[in-house]
Each structure stands twice: as structure tokens, then as C-alpha cells.
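Structure assessment
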Amino acid sequence: MPNMSLKKNEMPSQDPNVRNKNFLEVALGYTEEQALDEAARCLNCKNHPCVSGCPVQVKIPEFIKKITEKDYEGAYQVIHETSSLPAVCGRVCPQENQCEGKCVRGAKGESVAIGRLERFVADWHREHVADHPQAPAPNGHKVAIIGAGPAGMSCAYFLAEKGYRPTVFDKSPRPGGMLMNAIPNFRLEKDVVEAEIDILREMGVEFRCGVDVGRDVTIPELRAQGYKGFYVAVGLQDGGRLRVPGDDAEGVMSGVDFTKKVNLAPETKLTGKVVVIGGGNIASDVARTAVRCGAESVTLYCLEGYDEMPMGEEDRTECERDGISIHAGWGQTAIDTENGHARAIRFRKCLSVKNAEGRFAPAF
Ligand code: SF4
């Protein structure tokens, strides 16, 4: 009999008054008992709409069924057929807008906590299984992957599994891309990413970090070294600008630049009040990082209404638990400056974010 509870099992997490002062992972993961109870909420739907919401088409009902049978390694193998980074995806994928957004249980109550179950299975595998996938004998074809972030790592995994020996180039000093450099540790601990990188190394993937392809070595030079295939996975490195007067003032930073800075120097301290502009996951990461860096107060403004914020309910709740004050439905018009420093931000009420065609076109 399925568990017909309308609510997901809560995931244990650090106490709000403790976690807002450290960078350790906030969510602690399901216990086995919680995972079994949550897995029993899945109806194993024949047409499995949840799978259509997953960008890599993980066989969700199949892996959840394996959990109900206590075959956790079997569940991991089902996920791993199509996803090379389950421990990462279980932590950082926006499931509310993907698989969980399509789950039929969401029609009356809360969807099955697919992301939390994925994380449980991946963590179980990491803690209990020492053997990693063995790559087949090399087929002699060299492939260069440019970018050691999640896309480059996934490509390397699936190529190594087929006998290629990819080399992953990255201009950063360490592999992992945004997973290591931009996503805060309290959302994704770096040990989790390092464990995935170690598996790739065991499979014969070579990482060459500190190499800027195009500057230190060119594609024709790599070709001359025997590389026959190239996969460019450099991602989006730069943060966006606000595009209002004063957006280049001292004290204004893009979200990605800020989280990168703190990831590389977690001892970074902030003084004074911080305003975060944006309603998505990066805004949530930035605001929660600012709290942990000691900001006097953190206030978040976004164009969308409170219930339409792209970060979703879970992240929004985490922001509020961290003491962040949210002002939804406001758009910035200018940043006032004094001697080149940001002094104040002007906002006006946003009436709608999208136009009749569903395109981003804020109206004030
Ligand atoms: Fe299970 Fe929800 Fe997927 Fe149905 S839609 S199979 S209930 S996770």
C-alpha cells in the first residue's frame, strides 16, 4: 500500500541559529527510515510524468521502487544509467521546477521528494560501496574536453565508460567548475564533488588544470597532439549586470563573482547591510552566503511575486530561516552613488514580469 500522506518527509537540517554562522551543509539527508517512508509515497505511475521533467530522463519510478525493496545499490545503478552525478544533482537540481513539478502527487498535496531520495541513494552508495566503475580497455581515441564543470565531468564519465581516455582542460587551478567555485558549501559540500572527480580519475580521465585552451594551447596544437574529438563545456562564467544607472559603482557585485570570492576565501567578512537583487537560486545562494559572512542585515528584492519566485518554495523557506527579509514584486531603477560608492537603491513596484506571450518583459 502506498503511503498517502500529503506531505513530504522533512529532511533533517542544522539548527537555524547554528547554521547561519557556518558553511557546513545545511541539509543533513534522509535517514533510512525516512527514505523508506518517502519512497512509499510514489505510486509507480505507468506513464511516469516525473521522468519527462528530468533533463537526463532518470528512471525515477524504477529507482524509487528499488528503495522500497531496500536495494539501495540497485537504485543507484538505475540513476547512474543516465546521470553521472547523482550526489550533486540530488543536492542542487531545481527539482521543484523539474521532476517534482510533474509528479502526480503534487496535484493534491506535496510531490514525492525525488531529489531527497536521489541524494539518499547517492550518499548511501558513497558510504557503502568502495568499488567504482571499471573503464574498458582504451580504444586509442583521444578526446579533449574543455571545461571541468558538471557538463565536462559528465561527458568525461560517459566517454571513459565507452573506452575513450578523455583529457579535461580547465583554466582554474582545480576541477569542478561552478560546483567547486560558485555553489556555496552549505548547499553542496566540496567533498561530494571531489569524490566524483576521484571516480573519474580512477576511470582514466586526466585533468589538466591551470591550462587556458585558446591561450596556453590551441585546438590545432591539441589536434597535432593526437586529439580527435573536442567537447567545449565552458559554461557561463560571467555574472549579469543590472543595467541601471550606477550598476558599476563600488560595492556592487554580480552574484557569481561574490559566491566565487567566498568559495575561494571562506574567511571573507562583510560589514553593513546587504541588498540582493534577484529571485532565483543564485540570489538565494548569495543572500545566504552574505548572512554567513556576517552582514548586519540581508534583504532580497525581486521582480516576481512572492509565490512566483523562481527559486521555489524550498529555497525561499531556507532564506527566511536564515533571517533574510524578502521583498517580492519590486524592480530596481537606479543605484545612487557617493564618491563612486553605492549608497542606496531605488525600486518601483513591478506589476507583471512576463508579457502575454510569456516572454520576460517586466511592466511597472
Ligand atoms: Fe512516483 Fe510521482 Fe513519478 Fe508518479 S509522478 S511515478 S508518484 S514520482
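1. A closer look at the overall build of the protein
A count of helical and extended segments in the protein gives 15 helices and 11 strands. Relative to the compact-globule value of 21 Å for 364 residues, the protein shows a C-alpha radius of gyration of 22 Å, a close match. Across the 364 residues that make up the protein, the buried fraction comes to 46%. A total accessible area of about 18,500 Å² is found for the protein, and carbon and sulfur atoms account for 52% of it.

2. Description of the site of the ligand
Every residue near the ligand is listed here: C42, L43, N44, C45, P49, C50, P61, C103, V104, R105 and I114. Here the shell around the ligand is built from residues that sort into 9 nonpolar, 1 polar and 1 charged.

3. Structural notes on the sheet that holds strand β5 (residues 273–277)
Taken together, 3 strands build an open sheet; the order of strands is β5-β6-β7 and the sheet is parallel. For this open sheet the edge positions go to β5 and β7 (325–328), each flanked by a neighbour on one side alone. The mean inter-strand angle of the sheet, taken between neighbouring strand axes irrespective of direction, is 20°. Pairing analysis gives 5 bridges linking β5 to strand β6 (residues 297–302), with the strands arranged parallel. In the sheet register, V274 faces β6, and the bridge partner there is V298. Of the strands in this sheet, β5 and β6 are in contact with helix α14 (residues 281–292), which crosses β6 at around 170°.

4. Regarding the pattern of salt bridges
Summed over the entire model, instances satisfying the criterion amount to 28 salt bridges. The partner of R288 in a salt bridge is D322, with the nearest N and O atoms 3.0 Å apart. Of the two residues, R288 is situated in helix α14 and D322 in the loop between α15 (312–321) and β7; the sequence distance between them amounts to 34 residues. R288 gets classed as buried once you look at its relative accessible area, which sits at 3%. D322 sits in the buried class, given a relative accessible area of 4%. Each member of the salt-bridge network shares a partner with another, and the members are R19, R288, R292, E318, R321 and D322.

5. Re the pairing of strand β9 (residues 341–349)
One ladder, built from 8 bridges, connects strand β8 (residues 330–338) with β9; its direction is antiparallel. Pairing of W330 across the sheet is with K349, part of β9. Counting the residues between successive antiparallel strands, the hairpin from β8 to β9 contains 2 residues, one of them, N339, with a positive phi of roughly 50°.

6. Here we look at the pairing of β7
Here β7 shows one buried face, formed by I326 and A328, and one open face, formed by S325 and H327. Bridge count between β6 and β7: 4 bridges; the pairing is parallel. Bridge pairing in β7 links T299 to S325. In terms of handedness, the path from β6 via α15 over to β7 forms a crossover that is right-handed.

7. Some words on the side chain of Q34
Looking at where Q34 falls in the secondary structure, it is placed in helix α2 (residues 32–39). For Q34, the side chain forms a polar contact with the main-chain nitrogen of T31, separated by 2.8 Å. In this structure Q34 touches N9, E10, P12 and G29, once residues within four positions along its chain are discounted.

8. Here's the deal with the sheet that holds strand β1 (residues 142–146)
Strand order in the open sheet formed by 4 strands is β3-β2-β1-β4, and the pairing between neighbours is parallel. With partners counted over all chains shown, the strands left at the sheet margins are β3 (206–209) and β4 (227–232), one partner each. Each strand axis lies, on average, 20° off the axis of its neighbour in the sheet, ignoring direction. In the packing of helix α9 (residues 150–161) onto the sheet, contacts are made with β1, β2 (167–170) and β4, and the angle to β1 comes to roughly 165°.

9. Concerning a negative patch on the surface
A cluster of acidic residues, D191, E194, D198 and E202, forms a negative patch at the surface. With respect to the element layout, E194 can be found in helix α11 (residues 190–202). Judged by relative accessible area, which is 37%, E194 ranks as partly exposed.

How each quantity is defined
Residues numbered from 1 in each chain as written. Predicted model: local features only at pLDDT ≥ 70, side-chain atom pairs only at ≥ 80, totals over all residues. Heavy atoms only, no water. Helix = DSSP H or I, 4+ residues; strand = E, 2+ residues; numbered from the N terminus. Rg over C-alpha atoms; globule rule 2.2 N^0.38 Å. Buried < 20%, exposed > 50% of the residue type's maximum accessible area, 1.4 Å probe, protein only. Areas by Shrake-Rupley, 256 points an atom, 1.4 Å probe, with all protein chains shown as cover. Near = heavy atom within 4 Å. Nonpolar A, V, L, I, M, F, W, Y, C, P; charged D, E, K, R; others polar. Pairing = 2+ DSSP bridges. Axes fitted to C-alpha atoms, helices over the stretch in contact; angles between N-to-C directions. Contact = heavy atoms within 4.5 Å. Salt bridge = Lys/Arg side-chain N within 4 Å of Asp/Glu carboxyl O. Right-handed = clockwise from strand over helix to strand, strands pointing away. Polar contact = N/O pair within 3.5 Å; in protein donor to acceptor, adjacent residues only side chain to side chain. Patch = residues over 30% accessible without salt bridge, like charges linked within 9 Å, V, L, I, M, F, W, Y side chains within 5 Å. Lys, Arg positive; Asp, Glu negative; His and termini not counted. Charge placed at Lys NZ, Arg CZ, Asp CG, Glu CD.

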